[in-house]
Amino acid sequence: MRVPRSTYRLQIRPAFDLAAARDVLDYLHDLGAHWVYLSPLLTAEAGSDHGYDVVDHAHVDPARGGDEAFAAFARAAHERGMGVLVDIVPNHMGVAVPAHNAWWADVLRHGRGSRHAAAFDVDWAAGGGRIRIPVLGDEEDPPLALEPPGRPTELVYYDHRFPLAPGTADDGAPPSVVHDRQHYELVSWRRADAELNYRRFFAVSTLAAIRVEDPEVFERSHAAILSWIRDGLADGLRVDHPDGLLDPGGYLDRLARETRGSYVIVEKILERGEDLPPFWATAGTTGYDALAELDRVFVDASGAEALEALDAELRGGRVAWEDLVHTTKRAVADGILRSEVLRLTREIVARPPAEQGLDGLDADVLADAVAEALACFPVYRSYLPVGSEHVEAALALAHARRPDLDRALAVVRAVLEDEEHPASRRFQQTSGMVMAKGVEDTAFYRYSVLASLTEVGGDPSEFSVSPQELARRQAARLAAFPHAMTTLSTHDTKRGEDTRARISVLAEIPARWRDVLGRLRELRPLGDGPFESILWQSVVGTWPASRERLHAYAEKAAREAGTSTRWTDPDPAFEERMHAAVDAAVDDPRVRGLLDAFVLEIAPAGWSNGLGAKLLQLVGPGVPDVYQGSELWETSLVDPDNRRPMDFAERREMLASLEHGALPPVDATGAAKLLLVSRALRLRRDRPELFTRLALLPVVGEAAPHAIAVDRGGAVAVATRLPLGLAARGGWGGTAVMLPAGAYLDALTGVRVQGGERALGTVLAHYPVALLVREQG
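To keep things clear, this report deals only with the structure shown in the data block. (Residues numbered from 1 in each chain as written. Predicted model: local features only at pLDDT ≥ 70, side-chain atom pairs only at ≥ 80, totals over all residues. Heavy atoms only, no water.)

A few words now on the overall build of the protein. Counting its regular elements, the protein contains 27 helices and 25 strands. For 777 residues, the compact-globule formula gives about 28 Å, and the C-alpha radius of gyration of the protein, at 27 Å, lands near that figure. For the protein, the spread of C-alpha atoms along the principal axes amounts to about 90 × 60 × 60 Å. Here the protein, with 777 residues, has 62% of them falling under the buried criterion. Pairs at least 24 apart in sequence give 72% of the contacts found in the protein among residues at least 6 apart. By element, 51% of the accessible surface of the protein is carried by carbon and sulfur atoms, the whole surface being about 28,000 Å². (Helix = DSSP H or I, 4+ residues; strand = E, 2+ residues; numbered from the N terminus. Rg over C-alpha atoms; globule rule 2.2 N^0.38 Å. Buried < 20%, exposed > 50% of the residue type's maximum accessible area, 1.4 Å probe, protein only. Contact = heavy atoms within 4.5 Å. Areas by Shrake-Rupley, 256 points an atom, 1.4 Å probe, with all protein chains shown as cover.)

Our next topic: the packing of aromatic side chains. Taken as a whole and judged by the stated rule, the model has 18 aromatic pairs. Judged by centre distance (5.8 Å) and plane angle (80 degrees), the rings of Trp35 and Tyr263 are edge-to-face. Linking Trp35 in strand β2 (residues 35–38) with Tyr263 in strand β15 (residues 263–266), this pair joins segments that are 228 residues apart in sequence. Judged by centre distance (5.8 Å) and plane angle (65 degrees), the ring pair of Phe218 and Tyr251 falls under edge-to-face. Of this pair, Phe218 sits in helix α7 (residues 215–230) while Tyr251 sits in helix α8 (residues 248–258), and the two are 33 residues apart along the sequence. With respect to class, Phe218 is no different from Tyr251; both count as buried. (Phe/Tyr/Trp six-rings, centres within 6.5 Å; stacked < 30°, edge-to-face > 60°.)

Here we come to unusual backbone geometry. Trans is the prevailing form of peptide bonds, just as negative phi is the prevailing case for residues other than glycine. Of note, the amide linkage connecting Glu147 to Pro148 takes the cis form, showing an omega dihedral of -5 degrees. Turning to its location among the elements, Pro148 is positioned in the loop between β8 (144–147) and β9 (154–157). Cis geometry is found at the peptide bond from Leu384 to Pro385, where omega equals 10 degrees. Along the chain, Pro385 turns up in the loop between α13 (363–376) and α14 (388–401). We note that His241 has phi near 45 degrees; this positive angle belongs to a residue other than glycine. Looking at where His241 falls in the secondary structure, it is placed in the loop between β14 (236–239) and α8. Of note, the phi angle at Leu722 is positive, near 50 degrees, even though the residue is not glycine. Mapped onto the elements of the fold, Leu722 is located in the loop between β22 (715–720) and α26 (723–728).

The next subject is the environment of Pro148. On the accessibility criterion, Pro148 (42% relative accessible area) is partly exposed. C-alpha of Pro148 to C-alpha of Gln537: the two residues are 389 residues apart in sequence and 54 Å apart in space.

On to the pattern of salt bridges. In the structure shown here, the tally under the stated rule is 72 salt bridges. In this structure, the salt-bridge partner of Arg500 is Asp295, at a minimum N-O distance of 2.5 Å. Here the residue Arg500 occupies a position in helix α18 (residues 497–503), and Asp295 occupies one in helix α9 (residues 288–296), the gap between them amounting to 205 residues. One salt bridge in this structure joins Asp686 and Arg685, with 2.9 Å as the shortest N-O distance. The exposure class assigned to Asp686 is partly exposed, which follows from its relative accessible area of 46%. (Salt bridge = Lys/Arg side-chain N within 4 Å of Asp/Glu carboxyl O.)

In an α-helix, one turn spans 3.6 residues, which is why side chains three or four residues apart end up on the same side. With 16 residues, helix α25 (residues 671–686) should cover 22 Å at 1.5 Å per step; its first-to-last C-alpha distance of 22 Å lies within 8% of that length. Burial analysis of α25 places 15 of its 16 residues in the buried class, which makes it a mostly covered element. (Expected span 1.5 Å × (residues − 1).)

It is worth spelling out the nonpolar core at this point. Counting residues in each nonpolar core, the largest one holds 226 residues, and the members touching the most others are Leu10 and Trp228. The greatest single-element share of this core, amounting to 15 residues, is contributed by helix α23 (residues 589–619). Judged by nonpolar contacts, the second largest core, of 19 residues, contains Val716, Leu739, Tyr744 and Leu760. (Core = buried A, V, L, I, M, F, W, Y, C linked by side-chain atoms within 4.5 Å.)

So, on to the sheet that holds strand β13 (residues 204–209). Overall, antiparallel pairing links the 3 strands, which are arranged β6-β13-β12 in an open sheet. What marks the edges here is a single partner per strand, and that holds for β6 (92–94) and β12 (200–201). Where β12 and β13 come together, 2 bridges link them in antiparallel fashion. When the sheet's bridge partners are listed, Arg200 is paired in β13 with Ala208. (Pairing = 2+ DSSP bridges.)

Strand order in the open sheet made by the 3 strands is β8-β9-β10, with antiparallel pairing throughout. On the outer flanks of this sheet lie β8 and β10 (160–163), each paired with one strand and no other. Along the sheet, successive strands turn relative to each other by an average axial angle of 30 degrees, direction set aside. Alignment of β8 against β9, held across 4 bridges, turns out to be antiparallel. Along β9, the bridge assignment pairs Leu146 with Leu155. (Axes fitted to C-alpha atoms, helices over the stretch in contact; angles between N-to-C directions.)

Buried residues dominate strand β5 (residues 83–88), accounting for 6 of its 6 residues. Neither face of β5 is exposed, since Gly83, Leu85 and Asp87 on one face and Val84, Val86 and Ile88 on the opposite face are all buried. Bridge count between β2 and β5: 4 bridges; the pairing is parallel. Looking across to β5, one finds that Tyr37 is bridged to Leu85. Bridging between β5 and β14 involves 4 bridges; their strand directions are parallel. Across the sheet, Leu85 pairs through a bridge with Gly236, a residue of β14.

The interhelical angle for the contact between helix α22 (residues 572–587) and α23, taken along N-to-C directions, is 70 degrees, at an axis separation of 6 Å. Between α22 and α23, the interaxial angle falls into the category roughly perpendicular. Judged by residue contacts, Ala584, Ala585, Val586 and Asp587 of α22 engage Pro589, Val591, Arg592 and Leu595 from α23. Among the residues making up the contact of α22 with α23, the classes are represented as 6 nonpolar, no polar and 2 charged. (Parallel < 35°, antiparallel > 145°, perpendicular 65-115°, else oblique. Nonpolar A, V, L, I, M, F, W, Y, C, P; charged D, E, K, R; others polar.)

Let's shift gears to the pairing of β8. A regular strand carries its side chains on alternate faces of the sheet. Here β8 shows a clear split, with Leu144 and Leu146 buried on one side and none of Ala145 and Glu147 buried on the other. The turn linking β8 back onto β9 is made up of 6 residues, and Gly150 within it adopts a positive phi angle of 95 degrees.

Secondary-structure assignment places Val619 in helix α23. Overall, the relative accessible area of 2% leaves Val619 in the buried class.

Below, the structure is given as structure tokens:
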């Protein structure tokens, strides 16, 4: 198996296709990237910028360049000694436009008789033999039409077009009658939450789940993907959302067989303390677990109490993270994913556990118990029989919270303990949906203690991590999954790595932040304290930012939080105040002046945090990924902001200037970060023998808590922690790092350092980080 030493993620889209990607390969090679990591390539919905809405598994998307462009890209990468890693989407397909998806269109046309019917996870009985499609508005008499006139082939509702079953429109019947003859039923979008009868990707009705557990579906959906591996175009795969699959372990086993053990990583979110199943045929996760740990080593633990008190004041009382999560997950189970809860309930009713029975148990009560078990589930999912302890923990908590449901929960327990029961298997697919929507897409937008903690893969109840604890966790990852990916930014992160790095500075100055936030709220009150805190933390983290970016973020964050406005029920008055606050950040001299002054005050500390986290990620265990553009400061916000086009010409020019120019300062240009990324990536690629161990080096002296030093076997990373506190104590003083014997060259500055006890004031004289490389000979 070929294994990357590092990767660089590119978002391939119509505006940056495979030909454009090929044009930046020389730059990426010069930067030091070992493999190039591509977003999904298969044909997606027209206009899709992300590619996760695949409509045709047979070909590379023509809008992204097509099959020939991918082959040319792969050849060019391999000629430069670079591997190719491709993101794949086995869980679902895009179904927004039936005409674009031949499988879906055939199922709509022929119903259960379609040769593709088995590909989709449809509860036909629940829909009376029809698929419910939630596209209608609130009209009493929807304006349906048949087109073309004379010999119609489509049922039309505004811009939506659906195929007609053969022979159903031959008699000249009106559109409403023809509609009633179809294998699908067009229903109001408001009915989707509770009445949909096909499994979706989370709550996105235009992404229909497919059943790759069916061998034929696997073969048809993976033919092109496997040909990439077989023909030497792709060297590895990244599997999107494996937790949505019926049997992720079985899927990975088959993928390993078909790819002859090629490098495969999985987008798996691990909760704190949870391990990736060690029997899975994968090199590891995509790195959100590493992200959470690396971030927290740069958060000042002493700021927790003051920031938690501020959060309590803003919301009118303290709330435990666990209670907030239960509230939001339960709301999701009762709301946007109610249809999944009801489907589970139907499967239990259809096959009740023999030892329990359902005599006298109302279906609504049973559904209540299912929803409660989902809300109490402590991780994304189990893989029974592995993970039975999570089932036990969820049910114990559910019984404690809802003793009135004891009997119904006993039925749920009996079902879940039978790993072959259809509802037991489906529960495992569903619990991850509830977790993702309830936590990442809701609770993260309500918890305002420190916004850098509410990141994918993170547990906000863990405020900070010590260098010793980071080393322990990294050692465990190195032992179990040495080739797992690590990351700091992705196309799915809520905030870019350097946005978070600046926000984390607030933990060092909670009193100062209280004052700044208080003044901002006085100037532009919204009436939602926790959201105001999240909004202004995010603005501070990304500042300066355009009006358009901030408006888009504010609207998405507020509607995801769902406390003052919602996607399905916007509050015009609140949103008017919110957008006025964003405008004030740009236009009002009082607000803008406050932001400018505060960011000027904390930006250097944020840059220090950002450089430190990047160094530890690039040098640390695993395969470090650099998300597109993040070799400079990555100050993005949530998607689509984090998927913006990158200016590679600017980066290429800056990289070239670093080769012969003076050392760049740590400033807003990000040149110092580019220096760090390029030197670290080149070292990983060209000197793998320097990365053979993991040892936390002692730091001694009065400022020891402000540094972390790690030896990887000849490459030593030294980084500053809590820089404001360090400055307040007057600097490093006599604090020193204990280096292994030998002579070292700082890859960033070219300064030589001898092993032994070395003063940090010398080692970190130019930058807040150092990358010391043991010299040969």
